[in-house]
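Fold and geometry: a report
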Protein chains: 2
Amino acid sequence: MVSSGCAVLPHPAGVAPRRRQHVPAQAFWGPERRRRLSFEARPRCHKMYVPGFGEGSPEKKAAISLLNFFNYLAVRIVLAQLESYNREAYVELKEFTSRNSVNDADSFCKNLIRESPRHKALAMRILEVRSAYMKNDFEWDNLKKLSFKMVDEANIKLMRDYVLETSHIEDEE
Amino acid sequence: MVSSGCAVLPHPAGVAPRRRQHVPAQAFWGPERRRRLSFEARPRCHKMYVPGFGEGSPEKKAAISLLNFFNYLAVRIVLAQLESYNREAYVELKEFTSRNSVNDADSFCKNLIRESPRHKALAMRILEVRSAYMKNDFEWDNLKKLSFKMVDEANIKLMRDYVLETSHIEDEE
């Protein structure tokens with residue numbers, strides 16, 4: 001079915017195959033369906049293959065890493081808020097962070113909830129802050145823009161430094 | 001004009017300078033302009049304070065971390081491409097990655113460029129791939145969507161697990 005559908009597409013040289021008269025492509029693949037297929041297929045074909053992600057994706061891995069980062073930010077935000085008006089809670093949270101790594105968001109929050117009822121309240125606040133910060137305060141467009149700018153700058157710097165280094169050696173010779 | 005405009009703003013102590021009677025504030029800052037200013041300023045005031053970023057920003061820190069991630073992806077993409085059609089280059093790059101950590105993008109590329117002319121060609125390709133992948137293939141909108149979904153799911157899971165655990169203890173008592 002697919003091959004016959006492809007066979008009746010206009011010939012690049014302008015010579016339409018004879019079958020076209022008998023079995024028009026529209027019979028199998030209506031014009032809308034064909035257009036949709038060609039648009040859908042295009043980005044997938046042009047994408048580079050990234051091995052080793054199995055069922056996940058680079059986007060998912062980046063999101064996991066960002067979640068840990070937002071957890072770390074939420075802890076800092078809550079600490080800064082507490083420092084000025086609830087010294088006791090500030091000291092308790094600070095002491096807890098010295099014993100538990102903030103890098104693994106999941107186990108950090110898991111342990112914090114179970115530490116004591118007061119710590120549980122702090123954990124609830126951190127969960128709320130990390131979600132609110134991510135959804136309202138974090139500038140996602142800016143992240144994309146900054147990343148584009150940084151990769152260009154980093155690439156240029158690496159090449160320029162190398163060229164400067166090698167041309168310097170040639171000058172000395 | 002601007003400085004004279006500022007001079008006629010209401011005095012903090014309530015003592016309006018003499019000129020105010022003659023040149024009311026509205027003459028310089030019309031009601032629309034003033035309303036627009038207050039709206040523009042609002043989101044900035046509502047943002048949570050994140051301490052400890054100095055001249056940088058959470059967005060910049062996340063972008064740096066993503067650049068390292070894209071470098072790691074680019075190395076994997078190039079390795080996968082080479083494996084099938086340039087075995088020699090594949091073995092060379094593989095051997096280099098075993099000696100140099102891919103986690104620090106900058107020093108990895110710096111060392112790769114300087115390793116040998118053949119390694120330099122590989123480094124150029126990695127620089128190109130990491131930029132192209134980031135700009136064309138990586139799904140930024142999907143990253144944002146996934147992050148929102150993951151933070152909600154993670155928050156619910158943490159709270160549900162805790163509730164289940166504590167209600168289980170109460171059942172046993």
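About the cut-offs
Along each chain, numbering runs from 1 in the same order as the chain's sequence is written. The lettering of chains begins at A and the numbering of ligands begins at 1, in the order of writing. With pLDDT at 70 or above as the cut-off, local features in this predicted model cover only qualifying residues; side-chain atom pairs require 80 or more to be listed or tallied, and sums for whole chains, interfaces and linings still use all residues. Hydrogens and water are ignored here; the side-chain numbers use all heavy atoms of the structure. One confidence number per residue, pLDDT, is output by the predictor and ranges from 0 to 100. Only DSSP runs of H or I with at least four residues qualify as helices, and only runs of E with at least two residues qualify as strands; both kinds are numbered from the N terminus onward. Only heavy atoms matter for contacts: two residues are in contact if any of them lie within 4.5 Å across the pair. Residues below a pLDDT of 70 in either copy are left out; the C-alpha atoms of the rest, at least 70 in both, set the least-squares superposition of the copies. Throughout this description, a polar contact denotes any pair of N or O atoms lying within 3.5 Å of each other; where both atoms belong to protein, one of them has to be capable of donating a hydrogen while the other can accept it, and for residues adjacent in sequence the pair is counted only when both atoms sit in side chains. Under the pairing criterion, centres of Phe, Tyr and Trp rings, with the six-membered ring standing for Trp, must be within 6.5 Å; the plane angle then separates stacked pairs below 30 degrees from edge-to-face pairs above 60, leaving the rest tilted. Throughout this description, buried means an accessible area under 20% of the type-specific maximum (1.4 Å probe, protein chains only), exposed means over 50%, and partly exposed covers the range between. Computed with a 1.4 Å rolling probe, the buried area is the accessible surface lost when two parts are put together, summed over both parts. Should a side-chain nitrogen of Lys or Arg be within 4 Å of a carboxyl oxygen of Asp or Glu, the pair is scored as a salt bridge. Residue classes follow a fixed rule: Ala, Val, Leu, Ile, Met, Phe, Trp, Tyr, Cys and Pro count as nonpolar, while Asp, Glu, Lys and Arg count as charged, and any other residue, Gly among them, counts as polar. One fewer than the residue count of a helix, multiplied by 1.5 Å, yields its expected span. Directions pointing from the helix axis toward each C-beta atom define the arc. Convention adopted: a line fitted to C-alpha atoms gives each axis, helices being fitted over their contacting stretch, and angles between N-to-C directions are expressed from 0 to 180 degrees. Should an angle lie under 35 degrees it is considered roughly parallel, over 145 roughly antiparallel, and from 65 to 115 roughly perpendicular; all remaining angles are considered oblique. The crossing is said to be left-handed when, going from far helix to near helix, the turn is anticlockwise and less than a right angle, and right-handed when the turn is clockwise.

1. Details of the confidence of the model for chain A
Residues and elements named next belong to chain A.
- On average, residues of chain A score 79 in pLDDT, and 71% of them are at 70 or above.
- At the level of individual helices and strands, chain A shows its lowest average pLDDT in helix α1 (residues 2-7), which scores 37, and its highest in helix α7 (residues 117-137), which scores 95.
- A low-confidence stretch, residues 1-31 (pLDDT under 50), is modelled with 19 contacts involving residues beyond four sequence positions or located in other chains.
- Long-range and interchain partners of residues 33-43, a stretch whose pLDDT sits below 50, account for 5 contacts in this model, where long-range means more than four residues apart.
- Here the predicted complex scores 0.71 on pTM and 0.70 on ipTM.

2. Re the relation of the copies chain A and chain B
- When chain A is fitted onto chain B, the two copies agree to an RMSD of 0.0 Å after a turn of 180° and an axial shift of 0.0 Å. With respect to symmetry, the two chain copies, as superposed, fit the operation of a two-fold axis.
- Here 100% of the contact residues of chain A are again contact residues in chain B; the copies associate through an equivalent surface.

3. Side note on the environment of B:S167
Residues and elements named next belong to chain B.
- Within the secondary structure layout, S167 lies in helix α8 (residues 140-172).
- One polar contact links the side chain of S167 to the main-chain carbonyl oxygen of V163, over a distance of 2.8 Å.
- From its side chain, S167 meets the backbone oxygen of L164 in a polar contact 3.1 Å long.

4. Structural notes on the packing of aromatic side chains
- What the rule picks out here adds up to 18 aromatic pairs over all chains.
- Considering the side-chain rings of A:F70 and A:Y133, the 6.0 Å spacing of their centres and the 55° angle between planes classify their relative orientation as tilted. Within this pair, whereas A:F70 is found in helix α4 (residues 58-85), its partner A:Y133 is found in helix α7, the two being separated by 63 residues in sequence.
- Taking relative accessible area as the criterion, A:F70 reaches 1% and is therefore assigned buried.
- A:Y133 gets classed as buried once you look at its relative accessible area, which sits at 4%.
- Ring centres 5.1 Å apart and planes at 80° place the aromatic pair A:F138 and A:W140 in the edge-to-face group. Here the two residues A:F138 and A:W140 agree in accessibility, since each one is buried.
- Following the ring pairs from residue to residue traces out a cluster consisting of A:F69, A:F70, A:Y72, A:Y133, A:F138, A:W140 and B:F148.

5. Remarks on the interface of chain A and chain B
- Across the boundary between the two partners, chain A contributes 60 residues, which contact 60 residues of chain B.
- Carbon and sulfur atoms supply 71% of the area buried between chain A and chain B, which totals about 5700 Å² over both sides.
- Area buried by chain A at its contact with chain B is led by A:M48, A:E59 and A:L158, which between them contribute 12% of it.
- Here A:E165 ties to B:R114 by a salt bridge, and the two come within 2.7 Å at their closest N and O atoms.
- Listing elements by their share of the side of chain A that touches chain B, those giving two or more residues are α4, α6 (105-115), α7 and α8 (140-172) of chain A.
- Of the residues assigned to the side of chain A that touches chain B, the class counts are 35 nonpolar, 8 polar and 17 charged.

6. Focus on helix α5 (residues 87-99) of chain A
Residue and element names in this part refer to chain A.
- A rise of 1.5 Å per residue sets the reference length of α5, with its 13 residues, at 18 Å; its end C-alpha atoms lie 19 Å apart and thus fit the reference within 8%.
- Every buried residue belonging to α5 is among A89, Y90, E92, L93, F96 and T97, and all of these are buried. For α5, the arc enclosing every buried residue in end-on projection is 165°, short of the 170-degree limit, so these residues lie on one face. Opposite the buried face of α5, at more than 90 degrees from it, the exposed residues are E88 and S98.
- On its buried face, α5 sits against α4, α6 and α7.

7. Some words on α6(A)
- Within α6(A) the residues assigned to the buried category are A:A105, A:F108, A:C109, A:L112 and A:I113. Each buried residue of α6(A) sits inside an arc of 125° when the element is viewed along its axis, so together they form one side.

8. Examining the pattern of salt bridges
All names here are of chain A.
- Tallied over the entire structure, the rule returns 16 salt bridges over all chains.
- Across the salt bridge formed by E115 and R99, the nearest N and O atoms sit 2.9 Å from each other. One end of the pair, E115, is in helix α6; the other, R99, is in helix α5, with 16 residues separating them in the sequence.
- For R99, a relative accessible area of 45% translates into the label partly exposed.
- Overlapping salt bridges bring together E95, R99 and E115 as one network.

9. As for the packing of helix α5 (residues 87-99) of chain B against helix α7 (residues 117-137) of chain B
Residue and element names in this part refer to chain B.
- Their axes nearest at 11 Å, the elements α5 and α7 cross at an angle of 80°. Of the possible angle classes, the one that applies to α5 and α7 is roughly perpendicular. On α7, the residues that touch A89, E92, L93 and F96 of α5 are R118, H119, L122 and I126.
- Among the residues making up the contact of α5 with α7, the classes are represented as 5 nonpolar, 1 polar and 2 charged.

10. Observations regarding the packing of α4(A) against helix α4 (residues 58-85) of chain B
- Where α4(A) meets α4(B), the axes come as close as 11 Å, and the angle between the chain directions of the two elements is 150°. The pairing of α4(A) with α4(B) is recorded here as roughly antiparallel in orientation. Both α4(A) and α4(B) take part in a crossing whose hand is right-handed. Along its contact with α4(A), which presents A:P58, A:K61, A:A62, A:S65, A:L66, A:F69, A:Y72 and A:L73, the element α4(B) presents B:P58, B:K61, B:A62, B:S65, B:L66, B:F69, B:Y72 and B:L73.
- Looking at the contact of α4(A) with α4(B) residue by residue, the classes come out as 12 nonpolar, 2 polar and 2 charged.

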